[in-house]
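Read off the chains here:
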There are 2 protein chains.
Amino acid sequence: MTERGLLIVLSGPSGVGKGTVRKAIFESEDNDFQYSISMTTRKKRIGEVEGVDYFFRSREEFEALIQTGEMLEYAEYVGNYYGTPLSYVQKTLDEGKDVFLEIEVQGARQVKEKVPDGVFIFLTPPDLVELRSRITGRGTDAPEVIDERMRVAKEEIEMMALYDYAVVNDEVPLAVKRIKEIIASEHFRVERVIGKYRKMLEEL
Amino acid sequence: MTERGLLIVLSGPSGVGKGTVRKAIFESEDNDFQYSISMTTRKKRIGEVEGVDYFFRSREEFEALIQTGEMLEYAEYVGNYYGTPLSYVQKTLDEGKDVFLEIEVQGARQVKEKVPDGVFIFLTPPDLVELRSRITGRGTDAPEVIDERMRVAKEEIEMMALYDYAVVNDEVPLAVKRIKEIIASEHFRVERVIGKYRKMLEEL
């Protein structure tokens, strides 16, 4: 009996280091889950490969998938759509593999609605003072841009309530270790395994 | 700000090896939780130490604690009471230490009612065939005794639904690793940490 995989969603405030943590997880040796490949309407850049970096689609194709409910989540960013195609995720979960999504908080909210039994992990800065420096320390942004980022970050931290876990990104290797432990532990949650045991009982 | 410790409850069917797993956890190097010392009305055996092996109390004292709701859980077994005094557990949790209970399923049910936010871990045999051999392989018990043990084991596995996690005891070191990962992960559950983040927000 193949157990269905877990859908793992890593998200968190802008600038917290989601991408770095995700890369470190996938570069670690004993990772055995599938990274979900996103779909986008932006132009392919030199070196990018269809079906590896992204699924590249036209705006019309992407919008058709939205209309038919075939996007697990999506957002528009600087005039282009970015999103997660549902079919690829479902197929991988059905094969018993865990699927790992690293997405923005808006996308995570959409996934939560569609797959409430996913594992939702919120990556947080060590403290908000450091978040402030991460937000302000990027370069030469105007104060009102920075203030707006702070407001968004506050909102996003309030969004933490929608998640199952909050993992501090104080050091990337530690954050990776915590996330891997969470994923391992989630496989032992009773609601995910009790069906198997009930079946064993019936067969006695 | 000291975060309150977690109450961790390890239980499971009779004969599954709870005691062995608990001992291995406490003998491991990086264990940093407190084992809850039980209270009993049975006579102290040679070598046992008050407050280390058990709190030894008279039947009258024990029953008085039951009456005043000061037992987190208790059971009567072969004419003696065994149980967990609430005061010791609360004090240790308030100090920010995790408390680890290894108890029978009847006791775990009582704890679940009193401390629903505890972490409830059910230790399961690799499969029920092996559970059968564990139950029957102990010695020279009568068939009806063995049948009764089976019936109880089936009931107990149905009790799994009350727990948060089901951990297979296929190999003790693996079970220990899983339990430690579960405990580590539970510290990152949003409902346990969001208060701290809300406080940080208020202070910004």
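Residues numbered from 1 in each chain as written. Chains lettered and ligands numbered in written order. Predicted model: local features only at pLDDT ≥ 70, side-chain atom pairs only at ≥ 80, totals over all residues. Heavy atoms only, no water.

Going by what an unreviewed UniProt entry lists, chain A is known as Guanylate kinase and is assigned to Enterococcus lemanii.

Caption draft 1: Inspection of the relation of the copies chain B and chain A at higher detail. Note on the identical chains: chain B maps onto chain A by a rotation of 180° and an axial translation of 0.0 Å, with an RMSD of 0.1 Å. Taken together, these values place the two copies in the relation of a two-fold axis. If distances are taken from each C-alpha of chain B to the rotation axis, the shortest is found for Glu181(B), at 2.7 Å. A share of 100% of the interface residues of chain B reappears at the interface of chain A, consistent with the copies meeting face to face through the same patch. (Least-squares fit on C-alpha atoms with pLDDT ≥ 70 in both. Contact = heavy atoms within 4.5 Å.)

Caption draft 2: Examining the pairing of strand S7 (residues 98–102) of chain A more closely. All names here are of chain A. Buried residues dominate S7, accounting for five of its five residues. Of the two faces of S7, both are covered, the one formed by Asp98, Phe100 and Glu102 as well as the one formed by Val99 and Leu101. For strand S1 (residues 7–11) and S7, the ladder comprises four bridges, and the chain directions are parallel. In the sheet register, leucine 7 faces S7, and the bridge partner there is valine 99. (Buried < 20%, exposed > 50% of the residue type's maximum accessible area, 1.4 Å probe, protein only. Helix = DSSP H or I, 4+ residues; strand = E, 2+ residues; numbered from the N terminus. Pairing = 2+ DSSP bridges.)

Caption draft 3: Representation of the sheet that holds strand S4 (residues 55–56) of chain A. Residue and element names in this part refer to chain A. Taken in spatial order, the four strands of this open sheet run S4-S3-S6-S5, and their pairing is mixed. Two strands in the sheet have a free side with no partner beyond their single neighbour: S4 and strand S5 (71–77). Where S5 and strand S6 (residues 80–85) come together, six bridges link them in antiparallel fashion. Opposite tyrosine 74, over in S6, you have glycine 83 as the bridge partner. Across the sheet, helix H3 (residues 86–94) touches S4, S5 and S6, and the angle it forms with S6 is around 20°. (Axes fitted to C-alpha atoms, helices over the stretch in contact; angles between N-to-C directions.)

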